[in-house]
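Read off the chains here:
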Amino acid sequence: DTEVTQTPKHLVMGMTNKKSLKCEQHMGHRAMYWYKQKAKKPPELMFVYSYEKLSINESVPSRFSPECPNSSLLNLHLHALQPEDSALYLCASSQALSGGDTQYFGPGTRLTVL
Amino acid sequence: QKEVEQDPGPLSVPEGAIVSLNCTYSNSAFQYFMWYRQYSRKGPELLMYTYSSGNKEDGRFTAQVDKSSKYISLFIRDSQPSDSATYLCAMSYTGTASKLTFGTGTRLQVTL
């Protein structure tokens, strides 16, 4: 089973709202990732967690706040977003953080900021 | 110059055709090469993963890596309308904490 699940599928929020995206995997992977993807562009890496610790933050604005409560779960807390933050947010996981580990992606959450 | 170049297409082929999708890269450190398929409004799905130069086959899909030319390809035989999607090449190397460098994606349309 190579499934990564994400909820919700769609999210519409105002610029003053606070919401959270959730990601879950049960493959025993110890690395988890958040990506942002705009239309007709490849995914852009936002954050990487390894063994539940933040390993990489790609200079993402503080209105995005990741959290890894345990090895299976990854959250992305959203606050005071801008309309340009509207995108598909993808979660991925891999065995570990070595260069050759294959990343498996979830279906994504389509976020619209009004 | 981008690290990974990929023709964005769109590429339109008739059903049953052989499709060739390609990426070139400039960083000789890349060691691991992947092809992902992404349907509209869905997450990328891993299709092929290769490490060394040469060919790897899986059903109708063949991945080819030529490290000397810094060139990778994905061939799809007997293409089907269900193959219509965006194909993303991605690559990484040891020491990059599994950071993937993606191509821009090629949009493929297989017509009846």
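Above this text sits the structure in question.
Note that the structure is predicted; figures quoted are calculated from it, not measured.

Peer 1: Help me get a handle on the side chain of Gln6 of chain A, residues and values and all.
Peer 2: Residues and elements named next belong to chain A. The topology assignment puts Gln6 in strand β1 (residues 4–7). Under the relative-accessibility criterion, Gln6 is labelled buried at 5%. Of the polar contacts made by the side chain of Gln6, one reaches the backbone nitrogen of Cys91; its length is 3.0 Å. Separated by 2.9 Å, the side chain of Gln6 and the backbone nitrogen of Gly108 make a polar contact. If sequence neighbours within four positions are ignored, Gln6 has contacts with Lys22, Cys23, Trp34, Tyr89, Leu90, Cys91, Gly106, Pro107, Gly108 and Thr109.

Peer 1: Talk me through the interface of chain B and chain A; I want residue IDs and the actual numbers.
Peer 2: Contact with chain B, which involves 22 residues of that partner, is made by 24 residues of chain A. Both sides together, the interface formed by chain B and chain A hides about 1,700 Å², and carbon and sulfur atoms give 57% of it. Of all residues in chain B, the largest losses of buried area upon contact with chain A belong to Arg41, Ser98 and Lys99 of chain B, amounting jointly to 29% of the total for that side. Here chain B is connected to chain A by one salt bridge. Taking the shortest distance from any N to any O, the salt bridge between Glu58 of chain A and Lys99 of chain B comes out at 3.2 Å. The interface formed by chain B and chain A contains four residue pairs in polar contact (both at pLDDT 80 or more). For the side of chain B that touches chain A, the elements supplying multiple residues, two or more each, are β4 (32–38), β5 (45–50) and β9 (85–92) of chain B. Sorting elements by how many residues they give to the side of chain B that touches chain A places β4 of chain B first, with three residues. For the side of chain B that touches chain A, the per-class residue count stands at 10 nonpolar, nine polar and three charged.

Peer 1: With reference to specific residues and values, describe the sheet that holds strand β7 (residues 64–70) of chain A.
Peer 2: Strand pairing within a sheet occurs via backbone hydrogen bonds; the two strands may be parallel or antiparallel. All names here are of chain A. The antiparallel open sheet is built from four strands, whose spatial order is β1-β3-β8-β7. Every interior strand has two partners, whereas the edge strands, β1 and β7, have only one. Neighbour-to-neighbour, the strand axes of this sheet turn through a mean angle of 20°, independent of strand direction.

Peer 1: With reference to specific residues and values, describe the packing of aromatic side chains.
Peer 2: All names here are of chain B. Overall, the coordinates contain 12 aromatic pairs over all chains when judged by the stated rule. With a centroid separation of 6.4 Å and 10° between ring planes, the pair formed by Tyr32 and Tyr49 is classed as stacked. Highlighted residues: Tyr32 in strand β4 and Tyr49 in strand β5, separated in sequence by 17 residues. Positioned above the aromatic ring of Tyr51 is the side chain of Lys67, whose terminal nitrogen or guanidinium carbon lies 5.1 Å from the ring centre.

Peer 1: Give a detailed account of the sheet that holds strand β7 (residues 61–66) of chain B, specifying residues and quantitative values.
Peer 2: Residues and elements named next belong to chain B. As summarised here, the arrangement of the five strands in space is β1-β3-β8-β7-β6, forming an open sheet in which the pairing is antiparallel. Edge positions in the sheet fall to β1 (4–6) and β6 (54–58), since each has one partner strand and no second. For this sheet, the mean angle separating the axes of adjacent strands, direction not counted, is 15°. Across six bridges, strand β3 (residues 19–25) lies against strand β8 (residues 71–76) in antiparallel orientation. Residue Cys23 lies in a different strand from β8, and its bridge partner there is Ile72.

Peer 1: Help me get a handle on the pattern of salt bridges, residues and values and all.
Peer 2: On inspection of all chains with the given rule, the structure shows seven salt bridges over all chains. Across the pair Glu45 of chain B and Arg37 of chain B runs a salt bridge, and its minimum N-O distance is 3.0 Å. The exposure class assigned to Glu45 of chain B is partly exposed, which follows from its relative accessible area of 35%. A single salt-bridge network, built from bridges that share partners, covers Lys36, Arg63 and Asp85 of chain A.

Peer 1: Would you mind going over the nonpolar core in detail, with residue names and values included?
Peer 2: Formed by 24 residues in total, the largest nonpolar core has its most connected members in Trp35, Ile72, Leu74, Tyr87 and Met91 of chain B. Among the secondary structure elements, those contributing two or more residues to this core are β3, β4, β5, β7, β8, β9 and β11 (106–111) of chain B. Contact partners of Ile72 of chain B, with chain neighbours within four places excluded, come to Leu21, Asn22, Cys23, Tyr25, Phe33, Trp35, Gln64, Val65, Cys89 and Met91 of chain B. The next biggest cluster of nonpolar side chains, apart from the first, holds 23 residues, and it includes Met27, Phe47, Leu74 and Ala87 of chain A.

Conventions and cut-offs
Residues numbered from 1 in each chain as written. Chains lettered and ligands numbered in written order. Predicted model: local features only at pLDDT ≥ 70, side-chain atom pairs only at ≥ 80, totals over all residues. Heavy atoms only, no water. Helix = DSSP H or I, 4+ residues; strand = E, 2+ residues; numbered from the N terminus. Buried < 20%, exposed > 50% of the residue type's maximum accessible area, 1.4 Å probe, protein only. Polar contact = N/O pair within 3.5 Å; in protein donor to acceptor, adjacent residues only side chain to side chain. Contact = heavy atoms within 4.5 Å. Buried area = accessible area lost by both parts, 1.4 Å probe. Salt bridge = Lys/Arg side-chain N within 4 Å of Asp/Glu carboxyl O. Nonpolar A, V, L, I, M, F, W, Y, C, P; charged D, E, K, R; others polar. Pairing = 2+ DSSP bridges. Axes fitted to C-alpha atoms, helices over the stretch in contact; angles between N-to-C directions. Phe/Tyr/Trp six-rings, centres within 6.5 Å; stacked < 30°, edge-to-face > 60°. Lys NZ or Arg CZ within 6 Å of the ring centre and 35° of its normal. Core = buried A, V, L, I, M, F, W, Y, C linked by side-chain atoms within 4.5 Å.

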